[in-house]
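Geometric and topological summary
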Amino acid sequence: MTTHLEPVTFGERALRIEDVLALANRQAPTHLQGDAAYRQRIAKGAQFLDSLLDKEGVIYGVTTGYGDSCVVAVPLQHVEALPRHLYTFHGCGLGKLLDAQATRAVLAARLQSLCHGVSGVRVELLERLHAFLEHDVLPLIPEEGSVGASGDLTPLSYVAATLSGEREVMFRGERRQAAEVHRELGWDPLVLRPKEALALMNGTAVMTGLACLAFARANYLLQLATRITALNVVALQGNPEHFDERLFAAKPHPGQMQVAAWLRKDLAIDAPTAPLHRLQDRYSLRCAPHVLGVLADSLGWLRGFIETELNSANDNPIIDAEEERVLHGGHFYGGHIAFAMDSLKTLVANVADLLDRQLALLVDVRYNHGLPSNLSGAPADRAMINHGFKAVQIGTSAWTAEALKNTMPASVFSRSTECHNQDKVSMGTIAARDAIRVLELTEQVAAATLLAANQGVWLRAQAEDARPLPPALAAMHEQLAIDFPPVIEDRALEGELRLCLQRIAEQHWRLHA
Ligand SMILES: N[C@@H](Cc1ccc(O)cc1)C(=O)O
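Thresholds, definitions, all that
Residues numbered from 1 in each chain as written. Predicted model: local features only at pLDDT ≥ 70, side-chain atom pairs only at ≥ 80, totals over all residues. Heavy atoms only, no water. UniProt positions renumbered as here; feature names shortened; annotations may be inferred. Helix = DSSP H or I, 4+ residues; strand = E, 2+ residues; numbered from the N terminus. Buried < 20%, exposed > 50% of the residue type's maximum accessible area, 1.4 Å probe, protein only. Contact = heavy atoms within 4.5 Å. Areas by Shrake-Rupley, 256 points an atom, 1.4 Å probe, with all protein chains shown as cover. Lys, Arg positive; Asp, Glu negative; His and termini not counted. Charge placed at Lys NZ, Arg CZ, Asp CG, Glu CD. Domains from an automatic or database assignment. Buried area = accessible area lost by both parts, 1.4 Å probe. Salt bridge = Lys/Arg side-chain N within 4 Å of Asp/Glu carboxyl O. Near = heavy atom within 4 Å. Polar contact = N/O pair within 3.5 Å; in protein donor to acceptor, adjacent residues only side chain to side chain. Phe/Tyr/Trp six-rings, centres within 6.5 Å; stacked < 30°, edge-to-face > 60°. Lys NZ or Arg CZ within 6 Å of the ring centre and 35° of its normal. Pairing = 2+ DSSP bridges.

An unreviewed UniProt entry annotates the chain as tyrosine ammonia-lyase originating from Pseudomonas poae. On record in UniProt, under Catalytic activity (unreviewed entry), the comment for the chain is "L-tyrosine = (E)-4-coumarate + NH4(+)".

Take a look at the structure:
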């Protein structure tokens, strides 16, 4: 683990998206709040539940069946068996497994929710869940099967089961039986108390963990797309006046102004400039701040939705040990994350579309103001057999189309399920998975357009009357040159595109932040 970040503490203090990201990437150590007052507060919830049980009160999910079956009374002699049944019958997830990064984000989101202290779980459960994160014991969680409103019940059943020493985990790079890993670590598997399986499963941790990761990717992509746009303004010899400060003061959406300011800085514009070619560039250049600005302006409310959910008790019922009340509600409903992720995927797909349009200008001699066809750097006598970025542009069209196709909102596909108990659900986990997929595709588009823009900038620099690049772009161009030499003779670019994707994933370039 690289530990260059501050430790992340689970407990009463709110976490930020960046904390979850650091944990998901194993870049920060973690702590569980351990002061006596806090531990007592947690313990009190579990004790209060036990005392209710002694009095044989009716507690949903403890002395009743689950969901629609809440009208079924469970006699005391069966109460202890109920948690195991809950995670067992939910062991029906399908689809691909969440990757290690996503799984850590999910564990972090569930732990933080339980740390709110109103879920009625024991300190021991918080400690073991924390130990899973600390020792990187990662439940294998199939990503499909949640409607995102009775919480992420089915995927989270894999967390409950593995904490109990059942099913499988990834540990030190190997797929292992959870029981075996418990033994190896000298741990006794948890025997979940009556409310504990429900508390682990009845919440939004899968969609929220994924949302944290998606947010961080989108945030970087915004800056990268701005940088790519600046490179393309140079490559296409566009009109930088489109990003004028006074122009943007007249329509002052803050994020849009920010993107325009980044472009001015990248292009080193501090005074009005005369256009070289067209007075008004095509929209994919001229309106770049207006497209990217919508994403920039949305990050604030998206962060608000995601972090409020992350730091909430998204569980049912809520155990208020202070007032000695059991509060029945629907906090497992992931409507905020669903809307945030449905929105994010549309915002991000628009970035793909913007960059795809810029690439269409770059490769086409009718629009690129003198660059070679398909940006090929081949000399004139070999130009006829060289095709440069032609196939990369075709690929980009495909990735963009797929990203745009995935923007269908998930939240409007609510289905009444579970004998009509869950008759309105969020589909937030589907929305979050879509958002991740749209991000993957859009990063591919960004990788392709970055390499092409960089090639365009290189081609311009070959001209006799070439102007020096502004400092920020010169630095980027130099850095890119290390990994991505100019395309002179045709070559297969898959390897370089994949390397570029890796660079994007590791947020390799310091951009505008
Ligand atoms: N989310 C439901 C609980 C539930 C649990 C498991 C189920 O299979 C169904 C419903 C509630 O709190 O009301």
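Let's talk about the overall build of the chain
Each helix and strand counted, the chain has 19 helices and nine strands in total. Each principal axis of the C-alpha atoms in the chain carries an extent, and together these give about 90 × 50 × 45 Å. The 513 residues of the chain split such that 55% are buried. Residue pairs in contact within the chain that sit at least 24 positions apart in sequence constitute 78% of those at least 6 positions apart. Entry remark: accessible area of the chain is about 22,300 Å², with carbon and sulfur atoms responsible for 54%. Here the chain carries 47 positive and 59 negative side-chain charges, and the mean point of each set is 3 Å from the other.

Some points on the domain arrangement of the chain
On domain assignment, one finds that the chain holds domain 1 (8-202) and domain 2 (211-315 + 331-506). A C-alpha centroid distance of 38 Å is found between domain 1 and domain 2. Across the contact, 37 residues belong to domain 1 and 29 residues belong to domain 2. Summing the contributions of domain 1 and of domain 2, the shared interface buries around 2,500 Å²; its carbon and sulfur component is 54%. The three residues of domain 1 that bury the most area against domain 2 are Ile17, Val147 and Ala149, which together make up 26% of that side's buried surface. Viewed at the interface, domain 2 and domain 1 are joined by four salt bridges. Residues arginine 433 and glutamate 144 are paired through a salt bridge, measuring 3.5 Å at the closest nitrogen-oxygen approach. Elements represented by at least two residues in the side of domain 1 that touches domain 2 include exactly helix H1 (17-24), helix H5 (100-114), strand S5 (142-144) and helix H9 (196-201). For the side of domain 1 that touches domain 2, the leading source of residues is H5, giving seven residues.

A word on the site of the ligand
Near the ligand, the surroundings consist of 13 residues, among which Tyr60, His90, Ser150, Asn202 and Asn316 are the closest. Histidine 90 places a side-chain nitrogen or oxygen 2.8 Å from an oxygen atom of the ligand. With respect to the ligand, the side chain of asparagine 316 contributes an N or O atom lying 2.9 Å from an oxygen atom. Calculation on the ligand without its partners gives an accessible area of 350 Å², and the protein chains cover 91% of this total. Counting only domains with at least three residues in the shell around the ligand, you end up with domain 1 (8-202) and domain 2 (211-315 + 331-506).

Overview of the packing of aromatic side chains
The description of an aromatic ring pair rests on the distance of the ring centres and on the angle between the ring planes. Summed over the entire model, instances satisfying the criterion amount to three aromatic pairs. Three or more aromatic residues joined by ring pairs make a cluster, and in this case those are Trp301, Phe305 and Phe339. Lying across the ring of tyrosine 158, arginine 167 places its NZ or CZ 4.4 Å from the centre.

Remarks on the pairing of strand S7 (residues 174-177)
Here four bridges tie strand S6 (residues 168-171) to S7, and the two strands are oriented antiparallel to one another. Bridge pairing links phenylalanine 171 to glutamate 174 in S7. Counting the residues that bridge the hairpin from S6 to S7 gives two residues, and of these arginine 172 lies at a positive phi of roughly 45°.

Some remarks on the pattern of salt bridges
Taken as a whole, this structure holds 32 salt bridges when the rule is applied. In this structure, arginine 437 and glutamate 402 form a salt bridge, with 2.8 Å as the shortest nitrogen-oxygen distance. Of this pair, arginine 437 sits in helix H17 (residues 428-461) while glutamate 402 is found in helix H16 (residues 390-405), placing the two residues 35 residues apart along the sequence. One salt-bridge network, in which partners are shared between bridges, spans Arg16, Glu18, Arg303 and Glu307.

Re the environment of valine 169
Position of valine 169 relative to the elements: it lies in strand S6. Note: C-alpha distance between valine 169 and valine 159 (10 residues apart in sequence) is 9.4 Å. Excluding anything up to four places from it in sequence, valine 169 contacts Val137, Leu138, Pro139, Leu140, Thr162, Glu174, Arg175, Arg176, Ala178 and Val181.

Observations regarding the environment of valine 233
Checked against the element boundaries, valine 233 lands in helix H10 (residues 205-235). Residue class for valine 233 comes out buried when judged on its relative accessible area of 4%. The sequence separation of valine 233 and alanine 453 amounts to 220 residues, and the corresponding C-alpha distance is 9.0 Å. Ignoring any residue separated from it by four or fewer positions in sequence, one finds valine 233 in contact with Gly238, Phe243, Leu267 and Leu285.

Points about the sheet that holds S6
Hydrogen bonds between backbone atoms are what pair the strands of a sheet, whose relative direction is either parallel or antiparallel. Read across the sheet, three strands follow the order S4-S6-S7 without closing on themselves; strand pairing throughout is antiparallel. In this open sheet, the two edge strands, each paired with only one partner strand, are strand S4 (138-139) and S7.

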